[in-house]
Amino acid sequence: MIVLLALFACAPAPSPVVVAPVADPLVPMDDVRLLRRLSLDLRGVLPSVEELDAVEADGAQVDIYRDQFLADPRLEGRLVALFAEQWHTLVDAFDVDVYDFDLTGEDAYRFQRSVGEEPLRLLAYVATHDRPWSEIVTADYTVANELLAGVWPLAYPEGGEGWEVSTYTDDRPAAGVLASNGLWWRYSTNPFNQNRTRAAAVFRLLVCEDFPARPVSFATATEGFEGVSSADRIQSDPYCLACHASIEPLASALFGFWWFRQNSPTEMVTYHAEREMLGADALNAEPAWFGEPVAGLEDLGRHVAADGRFSECAARTMATALWRRDTVLEDQPRIEALESAFVDGGMRMPVLLRDLTDTPEYRAGAVTDDAPEAVSAREVTVRLLGPEVLATVVEDLTGWRWEHGGYDQLGNDLFGYRMLMNGVDGVYITRPAQDPTLTWALVTARTAEASAYIAVQHDLVQGTSPRLLLQTVTATTPASDPVFQDELAALHWRLLARRATADDLAALTELWSTLYEADGSRETSVIVAWTGVLAALLQHPEFLSY
Amino acid sequence: MSPSCRAALASFGLLSAGCAGSDRADGDSAAAPGEDDVDQLAPFVAEPVWSADEMTAEAERLVALGFPDPNVPFDAYKALFAYRDDTCPNAGDQLVGQEMPEGGCLAASGAHFEGNTVIIETNIVEGADAIRGFQFGGDFLISDPSGAWLAGGGGMRFQTVRSNNGDVIWSGEAAGTWIDTRRDDWLGLGFSSTFTFGGASTADGRTLTMNGTVGVDGVYVQFVDVAWADACGGYPTGHLRIRDPSGVWADLDFADRCDGCGTLTHDTLDDATEACVDLSPFTSALAALEAG
């Protein structure tokens, strides 16, 4: 209690969710590395040298920067990536492809990502434009880009560029993501499934009820129902009804997106208002949300938003994203506190993000030696750069994005390496891996080598200004020059957010010299040596973790 | 318009011209989403856009656009094949997408073919009985040399069975999304449905039935066991549902009144109201299909 009182006494504006328990087994990371974590999570880039210096001088600056990051325009893109990990819409293939829409193979990747990003962009827009989170299921608009505006029935702002607020023009109800093509193209259905998969997705994504994850024992379910058709059993067997009493009525509400023919672009681009009532007959279930009748999709959105689990699920979803782990029963008090503050704050996402980044779970850099084993196993105190963040970090540092044939190589699995780098493809891999793997190491190594090459070519060979990474050395600066050592120290600080020790500098210098000599100590060997040093730093464990 | 114009579906007729929300088709509201910041958690209460008279008028407008006769798109499809050449699209009268280049093929005539279709035609004579009909389905788009096009995603079916005793039974289905830009009727405006129909002409008289949904030009209706029998003087029984632009459906119950009128109910109507609707353009067309 004394500790708690002391915490309250010292904190100028205590957040209700930052009450660390006595003898917290979580050890906060240092302020500079915390700044780096915040910058990567909220902006997708490394902190600038100025930001690092400021926080090094005054640790309290980290929260000020955090608040700035929450207002940074790059947050929207980061949220798209974070939501994608759980919404699973950034898949590499839909039931239709780019050729169905008068586009070429060069548009294939952009087509796939545009479709998949549509619901995520709406989520991110609501999150970053001071809109109540409930708007994700009640909005009378979506967020679309030029490509989608060309293939879907959308009113896209004249003169607009990129992702813009847009409206469907095919009489679909105002229901936010529930009325987005992108969501239902990802979560397709078929004549046997009849929207049940879609209903399960809605439950998982919006109220964190994961019906398919519930254990099922067919042996138990069979008793007394031999010879009864599956269609009848799911409406009569109490064991089945435990899920299907909720699944079918929600599935019934989604028939405006029912396609008579699968894989038909003609059918899939538009909402079919005339089919809204078909679900009741097809599923023998009137549209409802957990027992409450709903009068269409718009009404469904209101019911979802009013469900007490909706706001809690938002807190849980974002905690999963930022703590980089699933939430567990022990987290419930924290989740409830986060949710309470979120609701009190008008369900504005920045409130939730601010509170989440205040939590011990977010700020932990280690666990204590005597931490319970469950805590040690659960908490992710060292996070690995995933493919999305590595791509934006490298692009910010070098201006280079690894692309092949129009495909972002860290953002797809048809030709690229997203899953190999612990990413989520949304079909086979549904949560980001948190441990380094052989393939993760291979991809990060190749990315580091290419990034280093590009930076050195830019800075030393072409001498283009402004420089990217090598700020002071030239192609003729010898290793013995103080400028050389200063450059190494600055790189270490910029890329790793830790001041280089003498040993660090010595190791980097030795690497540079070894590479220089191995290349024959020629004039051009400087380029080889710097490329090697930069590549080493860009695959340093402290660069690739945060 | 590009000959390969599936993207044009997005901005065409049915797909863009609804009644509800048409005031935001210019994108004005896109500039300020949720500007009024309404209480997002308030219970949904539908505010009807149409009066009962307007609902029936809209239903009559829809049926005046023409009966969704499966023969119409099937004939249009066959006519467009006159523009084919030896290699495009491919052999026969069906489209086999796997045998065409990505994005379809361009015939020497300037017509463009893309997609897949399946056609099964039936012409069976057993004794004195005859069964004739077709099934036509797939997902395709064919544009003629002028750039006008026919697109379909779904299935069309029609069949007549004639017995030697003079009985005739006919039935069909129009399902999916279909558009023919060369027309200005139901098919020209763009058509979305899951609609089945049938007729029987026997010594006991004639019966017509319709079931399923139809959406054309921003009007959406559902026929629920709607039937016309001689016993009811040619007036309908069953239910006709009409979607108000608010998104709530009204139900017109013809019951057994046999006068073309029924009881209209709507979630937001305090009292049921009487409404009449003239569906004769549909019934006339359906009756005419007896001739095959």
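Residues numbered from 1 in each chain as written. Chains lettered and ligands numbered in written order. Predicted model: local features only at pLDDT ≥ 70, side-chain atom pairs only at ≥ 80, totals over all residues. Heavy atoms only, no water.

Chemist: Can you tell me about the side chain of B:His112, naming the residues and giving the values?
Modeler: Residue and element names in this part refer to chain B. Tracing the backbone through its elements, the reader meets His112 in strand β2 (residues 112-126). On the accessibility criterion, His112 (6% relative accessible area) is buried. Within the structure, His112 has its side chain in polar contact with the backbone oxygen of Gly103 (distance 3.1 Å). (Helix = DSSP H or I, 4+ residues; strand = E, 2+ residues; numbered from the N terminus. Buried < 20%, exposed > 50% of the residue type's maximum accessible area, 1.4 Å probe, protein only. Polar contact = N/O pair within 3.5 Å; in protein donor to acceptor, adjacent residues only side chain to side chain.)

Chemist: Describe the sheet that holds strand β2 (residues 142-144) of chain A, listing the residues and the values that go with them.
Modeler: Residues and elements named next belong to chain A. Sheet architecture is open: three strands sit in the order β2-β4-β3, paired in antiparallel fashion. Only two strands of the sheet have a single neighbouring strand rather than two, namely β2 and β3 (154-155). As paired elements, β2 and strand β4 (residues 164-168) share three bridges and run antiparallel to each other. If you follow Thr142 over to β4, its bridge partner there is Ser166. (Pairing = 2+ DSSP bridges.)

Chemist: Summarise the packing of aromatic side chains; cite the residues concerned and give the values.
Modeler: Applying the stated criterion across every chain, the model contains 41 aromatic pairs over all chains. Here a set of aromatic residues connected by ring pairs shows up, and it is made of B:Phe74, B:Tyr77, B:Phe81, B:Phe113, B:Phe134, B:Phe136, B:Phe140 and B:Trp178. Lying across the ring of A:Tyr362, A:Arg37 places its NZ or CZ 5.9 Å from the centre. Sitting over the face of the ring of A:Trp493, A:Arg499 holds its NZ or CZ atom 3.8 Å from the ring centroid. (Phe/Tyr/Trp six-rings, centres within 6.5 Å; stacked < 30°, edge-to-face > 60°. Lys NZ or Arg CZ within 6 Å of the ring centre and 35° of its normal.)

Chemist: Talk me through the packing of helix α24 (residues 502-518) of chain A against helix α25 (residues 525-538) of chain A; I want residue IDs and the actual numbers.
Modeler: Residues and elements named next belong to chain A. It is the contact of α24 with α25, at a shortest axis distance of 8 Å, that shows an interaxial angle of 140°. For the element pair α24 / α25, the angle class is oblique. The hand of the α24/α25 crossing is right-handed. Counted together, Leu508, Leu511, Trp512, Leu515 and Tyr516 of α24 and Ser525, Val526, Val528, Ala529, Trp530, Gly532, Val533, Ala536 and Leu537 of α25 form the full contact between these two elements. (Axes fitted to C-alpha atoms, helices over the stretch in contact; angles between N-to-C directions. Parallel < 35°, antiparallel > 145°, perpendicular 65-115°, else oblique. Left-handed = near helix turned anticlockwise from the far one by under 90°. Contact = heavy atoms within 4.5 Å.)

Chemist: Account for the pattern of salt bridges, with residues named and values stated.
Modeler: All told, the structure shown has 49 salt bridges over all chains when counted by the stated rule. As a salt-bridge pair, A:Arg113 and A:Asp92 come within 2.8 Å of each other at their nearest N and O atoms. One end of the pair, A:Arg113, is in helix α6 (residues 108-128); the other, A:Asp92, is in the loop between α5 (74-87) and α6, with 21 residues separating them in the sequence. Here the two residues A:Arg113 and A:Asp92 agree in accessibility, since each one is buried. Where B:Asp180 meets B:Arg182, a salt bridge forms, and the shortest distance between an N and an O atom there is 2.9 Å. Via salt bridges that share partners, A:Asp63, A:Arg66, A:Asp67, A:Arg354, A:Asp358 and A:Arg363 belong to a single interconnected network. (Salt bridge = Lys/Arg side-chain N within 4 Å of Asp/Glu carboxyl O.)

Chemist: So, the pairing of strand β5 (residues 168-180) of chain B: which residues are in play, and what are the values?
Modeler: Residues and elements named next belong to chain B. With ten of 13 residues buried, β5 lies mostly within the body of the structure. Taken together, the eleven bridges between β5 and strand β6 (residues 191-202) define a ladder with antiparallel strand orientation. By the bridge assignment, Val168 is partnered in β6 with Ser201.

Chemist: So what's going on with empty space enclosed by the protein? Which residues, and what values?
Modeler: Residue and element names in this part refer to chain A. With the rule as written, the count across this model stands at six cavities of 30 Å³ or more. In this model, the largest cavity occupies a volume close to 160 Å³. Among the elements of the structure, α5 and α21 (387-398) are those that each provide at least two residues to the lining of the largest cavity. When residues in the lining of the largest cavity are grouped by element, the largest group, four residues, is from α5. The residue makeup of the lining of the largest cavity, split by class, is ten nonpolar, four polar and four charged. For the lining of the largest cavity, the domains that each give at least three residues are domain 2 (77-306) and domain 3 (387-544). If you add up the space inside the second largest cavity, you get close to 80 Å³. (1 Å grid on protein atoms, 1.4 Å probe; cavity = no way out; pocket = protein on both sides within 12 Å on 5 of 7 lines; lining within 4 Å. Points joined across faces, edges and corners; volume = space filled by probe spheres on them. Nonpolar A, V, L, I, M, F, W, Y, C, P; charged D, E, K, R; others polar. Domains from an automatic or database assignment.)

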